[in-house]
Amino acid sequence: MPPVFAHGRLRLYLLKLLDEAPRHGYEVIRLLEERFQGLYAPSAGTVYPRLAKLESEGLVTHATEGGRKVYSITDAGRAELADRGGELADLELEIRDSVSELAAEIRADVSGAAGDLRRELRAAASASATQVEDESWKAAKEELRKAKAEWKEQARRAKDESRRAREEAQQARRQAKEAQERAREEVQRIAGQLQEQFAKSGGVLGSLAGAWLGGSGSGPTAPSAPSAPSAQPAAPAPAPDPDWARDVPPTGDPARDLDRLLDRFRDDIRDAARDRGVSDEQLAQARSHLADAAARISSALGPQG
C-alpha cells in the first residue's frame, strides 16, 4: 500500500467515497484504482475488512442488493468526515503527489529502457554497418517509437490527474470550512436559547447554569433568587460562556441536538457536585429551581400534545 494511506488514511478516504454515494466493495476498489490511474489498486483483503470495521463502529451501514452488500455512510460517519475535513484536504494533495511520484518513476524506467535500447542499437550498427537499414533495425526503431509514445501518454495522464487532485483538494478545504461555520452557528443558537431559559430561573440553578456554560466567560451573569440564610454567604453566580458546547457538532435533527446539550448540562452539574460537594440545603434549593427550570423549558418548547 502506498505510504499516503498509512495511519488510518484509507479509512478516511473510504468514508469520503461512501459520502459521495452508496457503493459496493468492488466499486470502491475500482474507484481507488481509477484515482491512481491504474498504478495502484487495493486488494479485496484490504478494503472489505476496513468496511466491516467501519460498520462495527457505526460509521457505515449496508443493505443487500442483488446478492451484494451495498455500503452507505451514517450520520456518525458524516460527523467524523466533517471533523476531519482539513485532514481530508491534505490527503487529496498527498494522493496527487503520490500519483506524480509514480509517474516520475515510470518516466525514469522508460527513459532508462530507451537508453539501453539506443546503446544496443549503436552496438549493433557498429558490428554490422552494412545492415543498418535491415528489418531488425526498423523493428528496433519502431519499438523505440512505441516506448516514447507510451511514456508521453502516461505523463499526460499523470499531469491531468495531478490537476484534478489539486482542484478537488481546494474544493474539499472550502467545504470543510463551510461545514465548521454552520456547525458553530447552530451550536451557538441552541446554547443561547438554553442560556436564556436557565438565566430566567435564577438562584442555585442560575449558578449551576453559569458554571455549566463556562464559569468565567464574558456573558451576562444569571440573576439570583432569594435563599434561606446560611452560615456563609453564597458565592456570586459565574457569568455564562457563549462558547460553551461548541465541541458538540450538530446532527441536523434539533430534537437530537437538544438531547445532546442536556446530556452535557447533566454531566457538567454532576462534575461540579462531585468536586465541590452538596449540602442538604443546597439539594433542596437545587430541586426547587430545577423543577422551575423544567417548567420554563417545557413552556418554551410549546404545549404538550
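Before reading further, recall that the structure is shown in the block above.
Anyway, here's the lowdown on the structure attached to this text.

**Focus on the sheet that holds strand β2 (residues 60–65)**
Piece 1. Across the sheet, three strands lie side by side as β1-β3-β2; this open sheet has antiparallel pairing. Two strands in the sheet have a free side with no partner beyond their single neighbour: β1 (23–24) and β2.
Piece 2. Sheet analysis places β1 next to strand β3 (residues 68–73), joined by two bridges and oriented antiparallel. Following the sheet pairing, R23 is matched in β3 by Y71.

**So, the pattern of salt bridges**
Piece 1. Applying the stated criterion across every chain yields a total of 26 salt bridges.
Piece 2. Linking E34 and R30 is a salt bridge whose minimum nitrogen-to-oxygen distance equals 2.7 Å. One end of the pair is E34 and the other is R30, both in helix α2 (residues 25–35) and four residues apart, which spans about a single turn.
Piece 3. Two residues, R156 and D160, come together in a salt bridge whose shortest N-O distance is 2.9 Å.

**Let's talk about helix α8 (residues 254–276)**
Piece 1. Here α8 contains 23 residues, and its C-alpha end-to-end distance of 33 Å stays within 8% of the 33 Å for a straight helix at 1.5 Å per residue.
Piece 2. If you check the start of α8, you find a side-chain oxygen 3.2 Å away from the backbone N of A255, and it comes from D253.
Piece 3. Immediately downstream of α8, the backbone of G277 shows phi near 85°, a positive value.

**Things to note about the pairing of β2**
Piece 1. As judged from the six bridges shared by β2 and β3, these two strands associate in the antiparallel manner. The residue bridging E65 from the neighbouring strand is R68, located in β3.
Piece 2. Counting the residues in the hairpin turn of β2 and β3 gives two residues, including G66, whose phi is positive at 65°.

**Section: a positive patch on the surface**
Piece 1. Where like charges cluster on the molecular surface, the positive patch consists of R118, R122, K148 and K152.
Piece 2. Relative to the helices and strands, R118 is located in helix α5 (residues 85–127).
Piece 3. Overall, the relative accessible area of 34% leaves R118 in the partly exposed class.

Definitions and limits used
Residues numbered from 1 in each chain as written. Predicted model: local features only at pLDDT ≥ 70, side-chain atom pairs only at ≥ 80, totals over all residues. Heavy atoms only, no water. Pairing = 2+ DSSP bridges. Helix = DSSP H or I, 4+ residues; strand = E, 2+ residues; numbered from the N terminus. Salt bridge = Lys/Arg side-chain N within 4 Å of Asp/Glu carboxyl O. Expected span 1.5 Å × (residues − 1). Polar contact = N/O pair within 3.5 Å; in protein donor to acceptor, adjacent residues only side chain to side chain. Patch = residues over 30% accessible without salt bridge, like charges linked within 9 Å, V, L, I, M, F, W, Y side chains within 5 Å. Areas by Shrake-Rupley, 256 points an atom, 1.4 Å probe, with all protein chains shown as cover. Lys, Arg positive; Asp, Glu negative; His and termini not counted. Charge placed at Lys NZ, Arg CZ, Asp CG, Glu CD. Buried < 20%, exposed > 50% of the residue type's maximum accessible area, 1.4 Å probe, protein only.

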